[in-house]
Amino acid sequence: MNPILADIYATVIPSAPFIIAAYAILWLALLVYVIKVVSGLKKTEAQMAVLEEAVRAKEGGVSR
Amino acid sequence: MVEKKVRIPEAGQWPDKLALPALAAGAVLTTVGFLMAFLFAAPVNGAALDTPELVNGVMVTHQQLISQKIFYFHMPVAIVSFVMLIFSAYYGIRFLTTREQRFDTCSRVAMELTLLFVIFTMVTGDLWTRFEWGVWWTWEPRLTTYLILMLIVIAYFVMRNSIDDPERRATYASVISLIAFVDVPICFMITRLIPSSVHPVIAREGGMTPDMAATVLVVMIGMMLVAFGLYRLRFREARLAERLQALKDQLED
Amino acid sequence: MNAIEAHNLSKAFGTRKALDGVSFELPEGAFLSIFGPNGAGKTTLLRVLSTLARPTAGSASICGIDLKESPNEVRGLIGMISHASMLYPDLTAEENLVLYAELYGVADPQARARELLEAVGLSHRRIDQVRTFSRGMTQRVSIARALVHDPRVMFLDEPYSGLDPHAVDIFDDLIASVRGDRTFVMVSHDLAKGFALCTHALVLARGRVVTFAKKEDLDFEDFAQLYRDTVGMGVS
Amino acid sequence: MGRPSAFAQYKTLLAKDLRQEFRTREMLTSMGIYALLVIIVYGAALALTARGIDIANMGGGLLWVLIVFTSLLGLGRSFAHEKEQACMDGIMLVPLDRSVIFLAKATANILFMLAVEVITVPLFYFFFMSGQPVAATFFWVVAPLLVGTIGMAGIGTMLSTITMNTRSRDVMLAILFIPLIYPLLYACVTATTAAIAGTEFWTDFFVMPLVLACGYDVVMLLVCWVLYDFVVSA
């Protein structure tokens, strides 16, 4: 590779890690956020199940 | 006194049907944009060469920089974060005028996404600065503005967690979102207009070649769709939690 | 024209309903005593009627003026006494009264302040800071403050709390002397005193009206029994 | 008995604040002492390292750090008297528009902050900048000080109303206050540094920031003035 060509692309290799890091962190943060939302949904569904039991227990108790 | 019919945003209406397709479209567009950034858009000229070189038929006179590629995600994400702040302030106003708790939830969710996208902007901007000027942080106007926006949004959430009464919390949150909405443009303007006597900043903005503009546009639309999808998803989740809480309270009566 | 009208007033703190559809009408010049267990919404009702808190639903009017439409007009007609004196401890008794007189736009604030201090028997302590006053004396200055703009309706939020028997007697004489044709609304836990002073009685529990009646229609024994049941029910 | 004019109520409330402060002087003394302590910390931090010349450059910034944290202390306590005996309810029962409360309290805060600055700025000069030659433009420092104080008092009064009854009051005020006044601070520091340095093109770094700071004050005070009713009656 003649020196001039090397000079033209001199910054490519050193800058690579930063570009990869930028996109990786961005994608990671998005993933973390989606996981947070989904886990929130799961937690709410679990509470919903507990609630339904409580309601059934209440109905059960009353109707007997 | 007829209560003016206030259209209250509710989860599960037509916007929700669009949420998932928007998220999918957004994902597709951003990946396309990502590929375009590297393959389609020409690299930016860096430092001038001592002697120009003929490279596959094109006379190259400058170092070819690819660190600039971060820009294609950095700018759209920054703009989306400010769009989210606008939504948050808008719902803040709606809450203050109608006192409807639902608007406060919308404002909170929009502010959450503002924080998310501001973090994206900070990450991409900072890494770009790190390579561009070799230092982790410079008090360069653009970066400082976004640091301030991030601090205000964090303060917004810290305040929300320290007030229990929903009515008061919602009012204070809406007021803070409005003040932030006014404060950020001023901060943006002041930090750029004041000649920073410390060290002159080489503004790289410069004009955008058509192919660059195309890439940015693709990523922009993609990011907008992703933001919209996330907003609806998060809003539904928040509404579900609220409805559940209301049910629990009724059960206790 | 009624002094106070409330149409299913509700006030919710998040999902907890402090007031749940309270409605009643009080004629002018009446003395309403409000009873109920802790957390029944007594103080909330008083705060809503005195424009210090905004109801989440329903409406109310004082001397025919709607609270939501023109709160400032209503504020000119009401005075409030609560266990907190609403006086600045570092200012003297006279300065406090002059301050409120000026804010209310009373004709001659200085004279009005002197006159009121005379009425509550504290003119000799006129230039002393309120910080140096006893609980009873502070309460009397507080009454003077509430009367500075000659309000049509007076709200009393547990005024007896923290007063020794002697101070309570002085307080009662004062209330009787300033009564005139004003309408009074008092929240109290003291069943006997509240019932003795009132012309109308209202019992609240869980933010709802249990009973609202004239004193003539009520016999004290039944009322005391009803009150015990409500307090019992309220606490369960 | 007509309602008094808003200006009369404004004067009454302002007189009340000033009389109360004049009688107890707790706000002025605590802010004054606090400023002195900050100067002493500067002393320890800068005495060995910085020679005379550098201080002149950093003087503007250091001065504003001193002012921001001292006024934060004062602003945090601006509604302490109102909360003590539920006097806030007493004032809210009076038929007046709520923004009069804001204007009166903001003016009181401005006067207290200026009073403290009149003490601390000469002290700061005495301790740190008496060594070098004084630039002719030094007295121009008064302009950014005034504009900055007005802006900070406005926003500070609004935020102290919001944080008045939240948990961890003082921390909350600082968390909200510093980011929101950052643009004003940035402009005032630049202007003050320019005034202190007094190099021949100093007006470039003085006039523009000052104009922007005034713009910030106007916009922010207007926003606070409009939104105050929601905040105080929440």
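For the structure, check the block above.
These lines cover the structure that appears in this document, whether it is placed above or below.

So, how was this worked out
- Residues numbered from 1 in each chain as written.
- Chains lettered and ligands numbered in written order.
- Predicted model: local features only at pLDDT ≥ 70, side-chain atom pairs only at ≥ 80, totals over all residues.
- Heavy atoms only, no water.
- Axes fitted to C-alpha atoms, helices over the stretch in contact; angles between N-to-C directions.
- Helix = DSSP H or I, 4+ residues; strand = E, 2+ residues; numbered from the N terminus.
- Left-handed = near helix turned anticlockwise from the far one by under 90°.
- Nonpolar A, V, L, I, M, F, W, Y, C, P; charged D, E, K, R; others polar.
- Contact = heavy atoms within 4.5 Å.
- Buried area = accessible area lost by both parts, 1.4 Å probe.
- Salt bridge = Lys/Arg side-chain N within 4 Å of Asp/Glu carboxyl O.
- Buried < 20%, exposed > 50% of the residue type's maximum accessible area, 1.4 Å probe, protein only.
- Core = buried A, V, L, I, M, F, W, Y, C linked by side-chain atoms within 4.5 Å.
- Domains from an automatic or database assignment.

**A few points about the packing of helix H3 (residues 101-133) of chain B against helix H4 (residues 141-161) of chain B**
All names here are of chain B.
Now for step 1: Between H3 and H4, the shortest axis-to-axis distance is 9 Å and the interhelical angle comes to 145°. For the element pair H3 and H4, the recorded crossing hand is left-handed.
Now for step 2: For the contact of H3 with H4, the class distribution of residues is 14 nonpolar, 5 polar and 5 charged.

**Some points on the interface of chain C and chain D**
Size of an interface: often given as the accessible area lost when the parts come together.
Now for step 1: Between chain C and chain D, the residue contacts involve 29 residues of the former and 29 residues of the latter.
Now for step 2: Counting the surface lost from both chain C and chain D, the interface buries some 2,600 Å², and carbon and sulfur atoms represent 61% of this.
Now for step 3: Its largest share of buried area at the contact with chain D, chain C owes to Tyr-88, Asp-90 and Leu-103 of chain C, together 26% of the area lost on that side.
Now for step 4: Two residues, Arg-47 of chain C and Asp-89 of chain D, come together in a salt bridge whose shortest N-O distance is 3.1 Å.

**Here we look at the side chain of Asp-89 of chain D**
Now for step 1: You can see Asp-89 of chain D is positioned in helix H5 (residues 87-92).
Now for step 2: By relative accessible area, Asp-89 of chain D is classed as buried at 18%.
Now for step 3: Excluding anything up to four places from it in sequence, Asp-89 of chain D contacts Arg-47, Leu-52 and Met-86 of chain C.

**Overview of the nonpolar core**
Now for step 1: Core analysis: the biggest nonpolar cluster contains 232 residues, and Ile-4, Phe-24, Leu-45 and Phe-155 of chain C together with Met-158 of chain D have the highest contact counts within it.
Now for step 2: Taken domain by domain, this core gets at least three of its residues from each of domain 1 (1-77 + 152-163 + 179-236) and domain 2 (86-150) of chain C.
Now for step 3: Those residues in contact with Met-158 of chain D that lie beyond four places of it in its chain are Val-175 and Ile-179 of chain B together with Phe-102, Cys-224, Leu-227, Tyr-228 and Val-231 of chain D.

**A word on the pattern of salt bridges**
Now for step 1: As enumerated under the stated definition, the model contains 26 salt bridges over all chains in all.
Now for step 2: One salt bridge in this structure joins Arg-152 of chain C and Asp-181 of chain C, with 3.0 Å as the shortest N-O distance. You can see Arg-152 of chain C sitting in the loop between helix H5 (135-147) and strand S7 (153-157) and its partner Asp-181 of chain C sitting in the loop between helix H6 (165-178) and strand S8 (183-187), a full 29 residues away along the chain.
Now for step 3: Between Asp-17 of chain D and Lys-16 of chain D there is a salt bridge; the shortest N-O distance is 3.2 Å. The residues Asp-17 of chain D and Lys-16 of chain D share a single accessibility class, namely buried.
Now for step 4: Three or more residues are tied together by salt bridges with common partners; here these are Lys-36 of chain A together with Glu-112, Arg-234 and Glu-237 of chain B.

Don't take any of this as a statement about function, it's just geometry.
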